[in-house]
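So you can see what is in the structure, the chains are spelled out below.
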Amino acid sequence: MKFIWIFAGLALFVAHKTYAQVYCAGRPGIQLCKGLKDEGNNIRESCHTRAMREMWWYNARINDCEKMRFLGCNGNNNRYCSLGSCRNFRQRCNGLRDEGNNNHESCHPRAMREMWWYNARINDCEKMRFLGCNGNNNRYCSRGSCRNRCKRH
């Protein structure tokens, strides 16, 4: 019986740790891997409840994530709760073109559709035909959503 309680406690700890890597007080609603480091400000009293001593931002110049602090208000959308979540998100805008496949029985031919992928070499989004299964996360439903998420100005 003790083993079950220990196992349940360990499972809750791992689930909380994973949740905390993706969601935290200073996380913006929409995250973008573009923009400069922006720590925001703390001009209002309510800003202190969202302040985070350790957050991460994607630095396009070095193609990696760097530590920053967030003061609690404003700032841009280039802000992540953990190094892992920043690097995972970065892959959406740095991945290769991957049309996926339709080799699995659950991949119906009608699942194939036109999508967009971000090509970092040309700093723009290009059409591709997604085959319905697998593939990487560098795919978007529209050119606009691809450009908003990844294109650097």
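About the criteria used
Chains are numbered independently. Their residues run from 1 in the order of the written sequence. A pLDDT threshold of at least 70 governs which residues receive local features in this predicted model, and a stricter bar of 80 or more applies before side-chain atom pairs are shown or counted, although totals over entire chains, interfaces and linings include all residues. The side-chain values count all of the structure's non-hydrogen atoms but skip hydrogen atoms and water molecules. Two strands are counted as paired when DSSP detects at least two bridges linking them. By the criteria applied, helices consist of DSSP H or I runs no shorter than four residues and strands consist of E runs no shorter than two, each listed in order from the N terminus. Here a polar contact is recorded for every N or O atom pair within 3.5 Å, except that within protein the pair must consist of a potential hydrogen donor and a potential acceptor, and residues adjacent in sequence are included only if both atoms are side-chain atoms. Between the rings of Phe, Tyr and Trp (Trp by its six-membered ring), a pair exists once the centres lie within 6.5 Å; its type follows the angle of the planes, with under 30 degrees stacked, over 60 edge-to-face, and the other angles tilted. Two limits define a charge over a ring: the Lys NZ or Arg CZ must be within 6 Å of the ring centre, and within 35 degrees of the ring normal. Think of pLDDT as the predictor's per-residue confidence, scored from 0 to 100. It only takes one pair of heavy atoms within 4.5 Å for two residues to be counted as in contact. Throughout, nonpolar core names a set of buried Ala, Val, Leu, Ile, Met, Phe, Trp, Tyr and Cys residues whose side chains join them through atoms within 4.5 Å. Using a 1.4 Å probe on the protein chains alone, a residue whose accessible area is under 20% of its type maximum counts as buried, one over 50% counts as exposed, and one in between counts as partly exposed.

1. Brief notes about the pairing of strand β4 (residues 124–130)
Here is step 1 of the chain: Sheet topology places strand β3 (residues 113–119) next to β4; seven bridges connect them, and they run antiparallel. The residue of β4 that forms the bridge with Met 115 is Met 128.
Here is step 2 of the chain: As consecutive antiparallel partners, β3 and β4 are separated by four residues, and within that stretch Asn 123 has a phi angle of approximately 55°, a positive value.

2. Structural notes on the environment of Arg 147
Here is step 1 of the chain: Inspection of the secondary structure puts Arg 147 in helix α3 (residues 143–150).
Here is step 2 of the chain: Sequence separation between Arg 147 and Cys 93 is 54 residues, and the spatial gap between their C-alpha atoms is 9.7 Å.
Here is step 3 of the chain: Within polar-contact distance, the side chain of Arg 147 engages the side chain of Asp 124 at 2.8 Å.

3. Digging into the packing of aromatic side chains
Here is step 1 of the chain: Enumeration according to the criterion identifies zero aromatic pairs in this entry.
Here is step 2 of the chain: Over the ring of Phe 70 we find Arg 79; its NZ or CZ atom is 3.8 Å from the centre of that ring.

4. What to know about the confidence of the model for the protein
Here is step 1 of the chain: With 78% of its residues at a pLDDT of at least 70, the protein reaches an overall mean of 78.
Here is step 2 of the chain: Here helix α1 (residues 2–22) stands out as the least confident element of the protein, with mean pLDDT 44; strand β2 (residues 64–70) is the most confident, with 93.
Here is step 3 of the chain: Scored below 50 in pLDDT, residues 6–21 shows four contacts in the model against residues more than four places distant or in partner chains.

5. Brief notes about the nonpolar core
Here is step 1 of the chain: Membership of the largest hydrophobic core is limited to seven residues, which are Cys 93, Trp 116, Tyr 118, Cys 125, Tyr 140, Cys 146 and Cys 150.
Here is step 2 of the chain: Mapped by element, the contributors of at least two residues to this core are β3 and α3.
Here is step 3 of the chain: With residues near it in sequence (within four places) discarded, Cys 146 still touches Trp 116, Trp 117, Tyr 118, Cys 125, Tyr 140 and Lys 151.
Here is step 4 of the chain: Counting residues in hydrophobic clusters, the runner-up holds six residues, among them Trp 56, Tyr 80, Cys 86 and Phe 89.

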